[in-house]
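Structure assessment
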Amino acid sequence: MGTKNSPHILALGTMTEFYIPSHKLDDPRFYHGTQTARSAIHEFLMHRYRAYTQSPTPVKGYWIDPTAQLSHDVLERFEVSFNNENEFDRLIEFLVELCQRLSEEAIYVTRGTRSYLVTKDPVGPSPGSS
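Since the structure is predicted, the reported quantities are computational estimates derived from the model, not experimental observations.

1. Topic: the nonpolar core
Ranked by internal contacts, the top residues of the largest apolar core, which has 24 residues, are Phe18, Ile20, Ile41, Leu45, Leu91, Leu95 and Leu98. Going through the elements one at a time, strand 1 (14-21), helix 2 (37-49), strand 3 (70-82), helix 3 (85-102) and strand 4 (106-111) are the ones with two or more residues in this core. If one sorts the elements of this core by residue count, helix 3 sits on top with seven residues. Ignoring sequence-local partners within four residues, the contact set of Phe18 consists of Ile41, Leu45, Glu76, Arg77, Phe78, Leu91, Leu95, Ile107, Tyr108 and Val109.

2. Overview of the layout of surface pockets
To find the voids left in a structure, one rolls a probe of water-molecule size over its atoms. Estimated volume of the largest pocket: approximately 470 Å³. For the largest pocket, the lining is made up of 19 residues, of which Trp63, Glu104, Glu105, Ala106 and Leu117 are closest to its centre. Of all the elements in the fold, those that place two or more residues in the lining of the largest pocket are strand 1, strand 2 (53-64), strand 3, strand 4 and strand 5 (114-119). Here the lining of the largest pocket takes five residues from strand 2, the largest share from any one element. Considering only residue class, the lining of the largest pocket consists of twelve nonpolar, three polar and four charged.

3. So, the packing of aromatic side chains
Any aromatic ring pair is given by two values, namely how distant the centres are and how the planes are angled relative to each other. For the structure on display, the rule yields seven aromatic pairs. On the numbers, 4.1 Å between centres and 5 degrees between planes, the contact of Phe44 with Phe94 is stacked. On the criterion of sequence distance, the pair formed by Phe44 in helix 2 and Phe94 in helix 3 is long-range, its members being 50 residues apart. The exposure class of Phe44 is buried, given its relative accessible area of 9%. Relative to Tyr116, the ring of Phe88 lies with its centre 5.6 Å away and its plane at 50 degrees, an arrangement referred to as tilted. Linking Phe88 in helix 3 with Tyr116 in strand 5, this pair joins segments that are 28 residues apart in sequence. A connected cluster of aromatic rings, assembled from ring pairs, spans Phe44, Tyr49, Phe82 and Phe94.

Procedures and definitions
Residues numbered from 1 in each chain as written. Predicted model: local features only at pLDDT ≥ 70, side-chain atom pairs only at ≥ 80, totals over all residues. Heavy atoms only, no water. Core = buried A, V, L, I, M, F, W, Y, C linked by side-chain atoms within 4.5 Å. Buried < 20%, exposed > 50% of the residue type's maximum accessible area, 1.4 Å probe, protein only. Helix = DSSP H or I, 4+ residues; strand = E, 2+ residues; numbered from the N terminus. Contact = heavy atoms within 4.5 Å. 1 Å grid on protein atoms, 1.4 Å probe; cavity = no way out; pocket = protein on both sides within 12 Å on 5 of 7 lines; lining within 4 Å. Points joined across faces, edges and corners; volume = space filled by probe spheres on them. Nonpolar A, V, L, I, M, F, W, Y, C, P; charged D, E, K, R; others polar. Phe/Tyr/Trp six-rings, centres within 6.5 Å; stacked < 30°, edge-to-face > 60°.

Structure follows, in structure tokens:
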């Protein structure tokens, strides 16, 4: 009998992780003093998925910015799992709103073995346009 058939295992779905700049997580200015990015992320993930993990140990990310300059930031990692691809779409909508609030060009997201940049502005023509 394989482990996946054990009555003690509950499949959670595909793991999705994203990274947010540490210095913006607790700054209430991005939410006009009503909450913080950290509290907004917590509320969203708990409401939609009922569980998540967050790594407080900073990770450093490097990228080339739109002006061709090397940029870097200290990031914190958030992880959530779910099976429904419609939930992935809803998470992406939330991350687009977060990008806009935090004045970030993009948020790095990994779902399973695929990686994405969720951008605050559209990246080219929208589906169905010619």
